[in-house]
Amino acid sequence: SIVVNCHDSQQNFIIVVSMFSQTTSEVVRLGIFESKKSSEVHKVQEMVRNFALEGKVFTGNSLHCNFPLTTTILETNNNYLLGLKKNIIKLYDRVEELAESKDYDNVFVLDDRSHGRKINRQTKVFNNFQNPIKKWQHLQNFIQVKRSGCRGSKTYQEIAYYVSNLCQPKS
């Protein structure tokens, strides 16, 4: 029998990333790479650069919230909405600071019961914020999502941030 140790530094995994269209509910592009030769960040950047799309909104988790990818998205005449975590600490701190001190432009509240959980989501949209971080001058808004609820008998609270170069009109 063959024993595979996924923690062995000698492993070279084949990894697949995809681009999914919410409009058509289809995978529109696949990218394959070897973990020893590339990374997901580089592969996605290459896929955006080489896919003839314009006027689309690319979404991604915080792994993809990086300056090279956002630059590529903008250079290909597209837009982005990306999760933000403390991997970009100056931007995260600025967004967190503004969320605590600035009035939001829109708010949406949703109570949900699913998967044995009760969840409350409060989503605030902050438009046209002043961003002093030069690399990120193209940002137009950010979103704060506060989630709270119960998982079984345990309560929880978490805050997530998302950034975008798109600007939504005030409602």
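Residues numbered from 1 in each chain as written. Predicted model: local features only at pLDDT ≥ 70, side-chain atom pairs only at ≥ 80, totals over all residues. Heavy atoms only, no water.

### Observations concerning the nonpolar core
Basically, it comes down to this: We define the nonpolar core as a collection of buried residues of types Ala, Val, Leu, Ile, Met, Phe, Trp, Tyr and Cys that are connected through side-chain atoms lying within 4.5 Å of one another. Throughout this description, buried means an accessible area under 20% of the type-specific maximum (1.4 Å probe, protein chains only), exposed means over 50%, and partly exposed covers the range between. To qualify as a helix, a DSSP run of H or I must reach at least 4 residues; to qualify as a strand, a run of E must reach at least 2; elements of each kind are numbered from the N terminus. Any two residues having at least one pair of non-hydrogen atoms within 4.5 Å are treated as being in contact.
In terms of nonpolar packing, the biggest core is built from 27 residues, with Leu-84, Leu-91, Trp-136, Phe-142 and Val-163 touching the most fellow members. Of all the elements in the fold, those that place two or more residues in this core are β1 (14–21), α1 (40–50), α2 (67–75), β4 (79–84), α3 (89–101) and β8 (154–164). No other element matches α3, which puts five residues into this core. Setting aside chain neighbours within four positions, we find Leu-84 in contact with Ser-62, Cys-65, Leu-91, Tyr-92, Val-95, Tyr-161, Tyr-162 and Val-163.

### With respect to α2
The test is simple: Directions drawn from the helix axis to the C-beta atoms are what define this arc. Under this definition, polar contacts are N or O atom pairs within 3.5 Å; protein pairs additionally need one hydrogen-donor-capable and one acceptor-capable atom, and for neighbouring residues in sequence, both atoms have to be side-chain atoms.
For α2, the complete set of buried residues consists of Leu-69, Thr-70, Thr-72 and Ile-73. What you see down the axis of α2 is that its buried residues fit within an arc of 160°, all on one side. Structurally, α2 contributes buried residues whose contacts are with α1, β3 (57–60) and β4. Put simply, Asn-66 is the residue that caps the front of α2, since its side-chain oxygen is 2.9 Å from the backbone nitrogen of Leu-69. Residue Asn-77 follows α2 closely and has a positive phi angle near 60°.

### Some words on the sheet that holds β4
The strands making up a sheet are joined through hydrogen bonds of the backbone, oriented either antiparallel or parallel. Filter applied, for reference: By this definition, two strands are paired if DSSP reports at least two bridges between them. Fitted lines through C-alpha atoms give the axes, limited to the stretch in contact for helices. The angle between two N-to-C directions lies from 0 to 180 degrees.
The strand order β3-β4-β8-β7-β6-β5 describes an open sheet built from six strands, whose pairing is mixed. Looking along the sheet, the strands with just one partner apiece sit at the ends: β3 and β5 (106–114). Averaged over all adjacent pairs, the angle separating strand axes in this sheet is 20°, with direction ignored. With eleven bridges connecting them, strand β7 (residues 141–151) and β8 associate as antiparallel partners. Bridge pairing links Ile-143 to Tyr-162 in β8. Against the sheet, α2 makes contact with β3 and β4, and its axis sits at roughly 160° relative to β4, the strand it touches most. On top of the sheet, α3 reaches β4, β6 (117–127), β7 and β8; it is set at about 110° to β8, its chief contact.

### Section: the side chain of Thr-76
You can see Thr-76 is positioned in the loop between α2 and β4. Once residues lying within four places of it in the same chain are set aside, the contact partners of Thr-76 are Val-48, Arg-49, Leu-53 and Glu-54.

### Concerning the packing of aromatic side chains
Basically, it comes down to this: For Phe, Tyr and Trp, rings pair up if their centres lie within 6.5 Å, where Trp contributes its six-membered ring, and each pair is then called stacked (planes under 30 degrees apart), edge-to-face (over 60) or tilted (otherwise).
Applying the stated criterion to the full structure yields three aromatic pairs. Ring centres 6.3 Å apart and planes at 75° place the aromatic pair Phe-67 and Trp-136 in the edge-to-face group. Within this pair, whereas Phe-67 is found in helix α2, its partner Trp-136 is found in the loop between β6 and β7, the two being separated by 69 residues in sequence. Given a relative accessible area of 29%, Phe-67 falls into the partly exposed group. Using a relative accessible area of 4% as the deciding quantity, one classes Trp-136 as buried. Seen from their ring centres, Phe-126 and Phe-142 are 4.4 Å apart, and the 5° between their planes marks the pair as stacked. Highlighted residues: Phe-126 in strand β6 and Phe-142 in strand β7, separated in sequence by 16 residues. Residue Phe-126 is classed as buried on the basis of its relative accessible area, which comes to 0%.

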